[in-house]
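Remarks on the overall topology
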Amino acid sequence: MNRILIVCTRQIGDVLLTTPLIRAARLRWPDATIDVAGFAGTLGMLRGNPDIHQLIESPPRLGWAGFRDLARRLWRRYDLALVTQPSDRAHLIAWLAAPVRSGVVPESSSSNWWKRRLLTHAVVSRGDLGTEHSVQEKLRLLEPWGVRGAAVAVVPPPGSDLPSALRDTLRPGAIVVHAPSMWPYKQWAPEKFRELVEALLARGHQVVLTGTGGARDQACIAPVRQAGAAPQLLDVSGLLDFNQLVTLLRGAALYIGPDTSVSHLAAATGVPVLAIFGPTNPQRWAPWPGGAQPVFFQRRALGQTVGNVTILQDSLPCVPCGRAGCEDHLESRSDCLIAITPQRVLAQALQLLSGPPAG
């Protein structure tokens, strides 16, 4: 396999979780050229990754003309395509790109018949109902070539220098708090984040707020921003790229955040991570701990720690349901997140700050 294409047409966190697969492919074929195809705006976590030759971006909505142009760019340029998502588009891209294809297919889908016909090797995914982490599922794409049971780390982007104003104000061992989640059904309430941050500030900790400059992130951060003032509370949302964020996280004493891509990035840097989970199954989507190791999360536990990652869940009997909240749509509420109190998160944070995580 001299030229390999990894197809990852999902969001930023999912893209980062393909890096163990990319590293495993690099170890299997050290001299191969490895490219990654994905949506424009989602591949930033891979910039600077030493295992990747080229990032191939395309808009989320291609249209006929866009698909034709992509076909011209990719047609049979590769020996092997690895499809990390079960979407129709991902499988069609792989078919265009390579004669040999290994891909993920859902356990039950009306489109499975043609996807299986296109694949040399199929990995069946049970999605959020499954017990296998997404990282381990993706690694099974390489089974036909003798890669089995690999313990490969998630690879964060290389760090870069922080802005001088932040570097001069930042204290050693600050706590990074990331309040926004992409979807409301994964969002722990910003007002609860504010109460948590107020309690951390009252105990003398410096807190740094992260997020993008986008409208949704800023709406989530605005209430938390009112918890204090610089230099004890720093708001760097919209000011850092992923490489600078990696540097910030590596110098922190603790990261606290919801079920979102930055929590995955934080875990990969090795900082202690406290992630607040609602309907999502941690066996499938918990942040993968830093370092190359087999990882096994429980589906359900009030609190569990694996490596540098601690997951908090609620005790409702439906947790985790694997749905998009109680109403099963992106704007839905999630009662399991509503039930998690700032006091409980604070207690767990203080425990993690008092010593190295167990597990």
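Refer to the preceding data block for the structure.
The present account deals with the structure reproduced in this document. Fair warning: this is a prediction, and the values are worked out from it, not measured in the lab.

Helix and strand counts for the protein stand at 14 helices and 13 strands. Computed over C-alpha atoms, the radius of gyration of the protein comes to 20 Å, within 12% of the 21 Å expected from 2.2 N^0.38 for 359 residues, which places it in the range of a compact globule. Projected onto its principal axes, the C-alpha coordinates of the protein cover approximately 60 × 50 × 40 Å. When each of the 359 residues of the protein is scored for burial, the buried share is 55%. Once local pairs closer than 6 in sequence are excluded, the contacts in the protein between residues at least 24 apart make up 62%.

As a further point, take the sheet that holds strand β2 (residues 33–39). Strand order in the open sheet made by the six strands is β3-β2-β1-β4-β5-β6, with parallel pairing throughout. Two strands bound the open sheet, and with one partner strand each, they are β3 (54–58) and β6 (121–125). Going across the sheet, the axis of each strand differs from the next one's by a mean of 20°, ignoring polarity. As defined by bridge partners, strand β1 (residues 3–8) adjoins β2 across six bridges and the pair is classed as parallel. Of the residues in β2, the one forming a bridge with Cys-8 is Gly-38. Lying on the sheet, helix α2 (residues 19–28) is in contact with β1, β2 and β4 (80–83); it crosses β2 at an angle near 160°.

What the rule picks out here adds up to 15 salt bridges. Here Arg-23 ties to Asp-51 by a salt bridge, and the two come within 2.5 Å at their closest N and O atoms. Of the two residues, Arg-23 sits in helix α2 while Asp-51 sits in the loop between β2 and β3, which places them 28 residues apart along the sequence. The exposure class of Arg-23 is partly exposed, given its relative accessible area of 26%. For Asp-51, a relative accessible area of 5% gives the class buried.

The next subject is the environment of Ser-261. Within the fold, Ser-261 resides in helix α11 (residues 261–269). When the C-alpha positions of Ser-261 and Gly-13 are compared, they lie 4.0 Å apart, and in sequence the two are 248 residues distant. Setting aside anything within four residues of it in sequence, one finds Ser-261 in contact with Ile-12, Gly-13 and Met-45.

Turning our eyes to something else, we now look at the sheet that holds strand β11 (residues 273–276). Pairing in this open sheet of seven strands is mixed, and the strands run β9-β8-β7-β10-β11-β13-β12 from one edge to the other. The strands lining the two open edges of the sheet, one partner per strand, are β9 (233–235) and β12 (303–306). On average, adjacent strands in this sheet sit at an angle of 20° to one another, irrespective of strand direction. Two elements, β11 and strand β13 (residues 309–312), share four bridges in a ladder whose sense is parallel. When the sheet's bridge partners are listed, Ile-276 is paired in β13 with Leu-312. Against the sheet, helix α14 (residues 342–353) engages β7 (175–178), β10 (254–258), β11, β12 and β13, with an angle of about 165° to β11.

Before going further, it helps to examine the state of the cysteines. The final tally for this structure, using the stated rule, is zero disulfides. Not part of a disulfide, Cys-321 finds its nearest cysteine sulfur in Cys-318, a span of 6.1 Å. This cysteine, Cys-326, is not joined by any disulfide, and Cys-336 carries the nearest cysteine sulfur, 6.2 Å off. Here Cys-326 falls in the partly exposed class, since its relative accessible area comes to 33%.

Considering the arrangement of structural elements, one finds Phe-193 in helix α8 (residues 190–202). Residues Phe-193 and Arg-225, 32 residues apart in the sequence, show an inter-C-alpha distance of 9.8 Å. When sequence neighbours within four positions are dropped, the list of residues in contact with Phe-193 reads Val-177, His-178, Ala-179, Gln-187, Trp-188, Val-224, Ile-256, Gly-257, Pro-258 and Ile-276.

You can see His-178 is positioned in strand β7. Reaching out from His-178, the side chain makes a polar contact with the side chain of Thr-210 at a distance of 3.0 Å. Not counting residues up to four positions away in its chain, the partners in contact with His-178 are Phe-193, Thr-210, Gly-211, Tyr-255, Ile-256, Gly-257, Pro-258, Thr-260 and Val-262.

What follows is about the pairing of β2. Of all seven residues in β2, six are buried, a share of seventy percent or more. By the bridge criterion, five bridges tie β2 to β3 in an arrangement that is parallel. Its bridge partner lying in β3, Gly-38 is registered against Glu-57.

Definitions and cut-offs
Residues numbered from 1 in each chain as written. Predicted model: local features only at pLDDT ≥ 70, side-chain atom pairs only at ≥ 80, totals over all residues. Heavy atoms only, no water. Helix = DSSP H or I, 4+ residues; strand = E, 2+ residues; numbered from the N terminus. Rg over C-alpha atoms; globule rule 2.2 N^0.38 Å. Buried < 20%, exposed > 50% of the residue type's maximum accessible area, 1.4 Å probe, protein only. Contact = heavy atoms within 4.5 Å. Pairing = 2+ DSSP bridges. Axes fitted to C-alpha atoms, helices over the stretch in contact; angles between N-to-C directions. Salt bridge = Lys/Arg side-chain N within 4 Å of Asp/Glu carboxyl O. Disulfide = S-S within 2.5 Å. Polar contact = N/O pair within 3.5 Å; in protein donor to acceptor, adjacent residues only side chain to side chain.

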